[in-house]
Each structure stands twice: as C-alpha cells, then as structure tokens.
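A structural walkthrough
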Amino acid sequence: MTGCTSTESSGSDGSKLELVNSGKLTTCTHLPYEPFQSRQDNKIVGFDVDLVDLVAKELKVTQEIVDTPFEGIQTGEDLNARKCDVAAAGMTITPVREENLDFSAPYFEATQALITKKGSSYDSLAALKGKKLGVQQGTTGEEYAKKNGKDVETVQFEDLALLLTAVKTGQVDAAVNDNGVLFEYVRTNPDTEVTAEFETGEQYGVGVRTGNDALRTEIDKVIKAAKSDGRYDEIYKKWFPAAPKS
C-alpha cells in the first residue's frame, strides 16, 4: 500500500491536501471509454481527463492516470487502497456506489441508449426478445438491461471497446451503454446507429475516498467555477462536437 503524503499544494481556502503521491493528483480510470478517456498516440486524453486537469491546475500539481478495472473503481477499493486520489471514469452516481465512496457534485448528464448495426429493426428492448444484447460489466447499463430486458440474452463484456466490436461484428444484436459514448462512436462509425434512448436520468460524479471532504470540496469548487466561466463548455464542445449542449 502506498503511504499517503502531504503535498505542498493547497486548496483554494489555503488548507493542505493529502495526496497519495506528492506533487501529483492520481486518477483511477478504466480504458477505453471514449470520449471521456481513451489512449491516443500513447497519451490518455478525454473529457474526464481535461476536467480533472482543471482540478490539478488549481492544486498546482499534475495529473497522473492509472488504468484499472472498473470494478475496483466503483467499489471504492482502489481509493481505499490509496491507488489513486480520485476516480474519474464516466461513473454514474448511484446509492450503492455512494456507500463505498464519496462523489463530487454532478458534472455530466447521461442516460442509457441502444446501439445496433445500421438498418436493424431493434429499436427497443422488447424488439430484442430471443436475441443477444451486449452489456459492459459492472455498469448501470448492465443493471438496466437485466432489469428491463425480458427474454433477452445478455452477453457481458469487460470494456466498451469489446462491447462495440461485438455489435459491429454481429456477435451480439445490440448493446446498451451510456448515450454520450454511443453517440460519439456512431459519429465516427456510420455503419452503426443509436436506435433508442432510455430516460434513466443519470449523472456522473468524480469519486474520492469516503471522508476525503477536503479534496471533494475542492473538486466541487472547480466544477462550479468551470461551468460559470466557460471552461466547461469549451471542454464539452471539444469532445462532443456533434452534440447540442442541454
């Protein structure tokens, strides 16, 4: 276990913040989840990356990203083991997850959606009766599909890339995941389409270890300021060029 060390950085109120690695804000994420986080030219980039960079800049440190399985992120295990300071992985705030970690204020609105090959007739879960529906392990999309997909065979995949490849190759008839990643995928993969959205009313939050109020408060301040001064909109337009901002 990595020892927790106090950095020379301080919050906006002057208070010292404990970070697992001095001079760095260490972020746990799970790749790929484009456009929130993905690897491009040996560098990890994305919407979440840019947002957490704003926090790191405020703390006068640099962000360091750790790619780790999503299960360890959503259960709070990675945060408790001091593998990272924050978890930014396009992660929906849910009551179950709130039992295991603390969340920042919401920073992104999301809902579940259905993706298929272009021209398919699958525009609802009901239409998939007797068919194969891909889901990503440990996600709210998997929960939604299993709860609402009657007589549908769910096929579990470890990450988003494997899930979307399964749709393109016909390994599954359709897949469920968050609308933000699916609409961006369809934009660059015109042989696929989003055929339905399910109003699940989800919100993403940045996770911190339970009780780490100093860091959580700092993240909230940065998110609020970025939404007020236009930096949030700039990041949004950069990573979601085809989507109107609600």
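Residues numbered from 1 in each chain as written. Predicted model: local features only at pLDDT ≥ 70, side-chain atom pairs only at ≥ 80, totals over all residues. Heavy atoms only, no water.

Some thoughts on the sheet that holds strand β3 (residues 24–29)
- Within the open sheet, the five strands sit side by side as β6-β3-β7-β14-β8. Their pairing is mixed. Either end of the sheet is taken by a strand with one partner, and the two such strands are β6 (62–67) and β8 (102–103).
- Pairing geometry for β3 and β6, over six bridges, is parallel. Across the sheet, Leu25 pairs through a bridge with Gln63, a residue of β6.
- With respect to the sheet, helix α1 (residues 47–59) is in contact with β3, β6 and β7 (86–87), its orientation differing from that of β6 by roughly 140°. (Pairing = 2+ DSSP bridges. Helix = DSSP H or I, 4+ residues; strand = E, 2+ residues; numbered from the N terminus. Contact = heavy atoms within 4.5 Å. Axes fitted to C-alpha atoms, helices over the stretch in contact; angles between N-to-C directions.)

A few points about the sheet that holds strand β11 (residues 153–157)
- Taken in spatial order, the five strands make up an open sheet running β11-β10-β12-β9-β13, and their pairing is mixed. The open sheet has two edge strands, β11 and β13 (192–204), and neither has a second partner. In this sheet, neighbouring strand axes are inclined to one another by 25° on average, regardless of whether the strands run parallel or antiparallel.
- Where strand β9 (residues 108–117) meets β13, nine bridges bridge the pair, whose relative direction is antiparallel. The residue of β13 that forms the bridge with Glu109 is Gln203.
- Across the sheet, helix α5 (residues 140–148) touches β9, β10 (132–136), β11, β12 (174–178) and β13, and the angle it forms with β10 is around 150°.

So, the environment of Ala196
- Residue position: Ala196 is located in strand β13.
- Sequence separation of Ala196 and Thr111 is 85 residues, and the distance between their C-alpha atoms is 11 Å.
- Beyond its immediate chain neighbours, meaning those up to four positions away, Ala196 contacts Ala113, Leu114 and Asp123.

Some thoughts on the side chain of Thr92
- The topology assignment puts Thr92 in the loop between β7 and α4 (95–98).
- Setting aside anything within four residues of it in sequence, one finds Thr92 in contact with Arg97, Phe103, Thr140, Asp178, Glu202, Gln203 and Tyr204.

Digging into the state of the cysteines
- Inspection of the entire model under this criterion finds one disulfide.
- Each disulfide pairs two cysteine sulfurs, and for Cys28 the partner residue is Cys84, the sulfurs being separated by 2.2 Å. Here Cys28 and Cys84 share a disulfide; its torsion about the S-S bond, -105°, makes the bridge left-handed. Placement of the pair is Cys28 in strand β3 and Cys84 in the loop between α3 (77–80) and β7, with a sequence separation of 56 residues. One exposure class covers both Cys28 and Cys84, and it is buried. (Disulfide = S-S within 2.5 Å. Buried < 20%, exposed > 50% of the residue type's maximum accessible area, 1.4 Å probe, protein only.)

Some details on the packing of aromatic side chains
- The full count for this structure, using the stated rule, is 17 aromatic pairs.
- Ring centres of Phe36 and Phe108 lie 5.0 Å apart, and the angle between their planes is 85°; on these two criteria the pair is classed as edge-to-face. With Phe36 in the loop between β3 and β4 (38–40) and Phe108 in strand β9, this pair connects stretches of sequence that are 72 residues apart. For the pair formed by Phe36 and Phe108, the shared burial category is buried.
- Among the aromatic residues, those joined into a cluster by ring pairs are Tyr33, Phe36, Phe47, Tyr107, Phe108, Tyr204, Tyr232, Tyr236 and Phe240. (Phe/Tyr/Trp six-rings, centres within 6.5 Å; stacked < 30°, edge-to-face > 60°.)

Side note on the environment of Val55
- Examined against the element boundaries, Val55 turns out to sit in helix α1.
- With twelve residues separating them along the chain, Val55 and Asp67 place their C-alpha atoms 19 Å apart.
- Once you skip the residues sitting within four places of it in the chain, Val55 turns out to touch Leu25, Ile219 and Val222.

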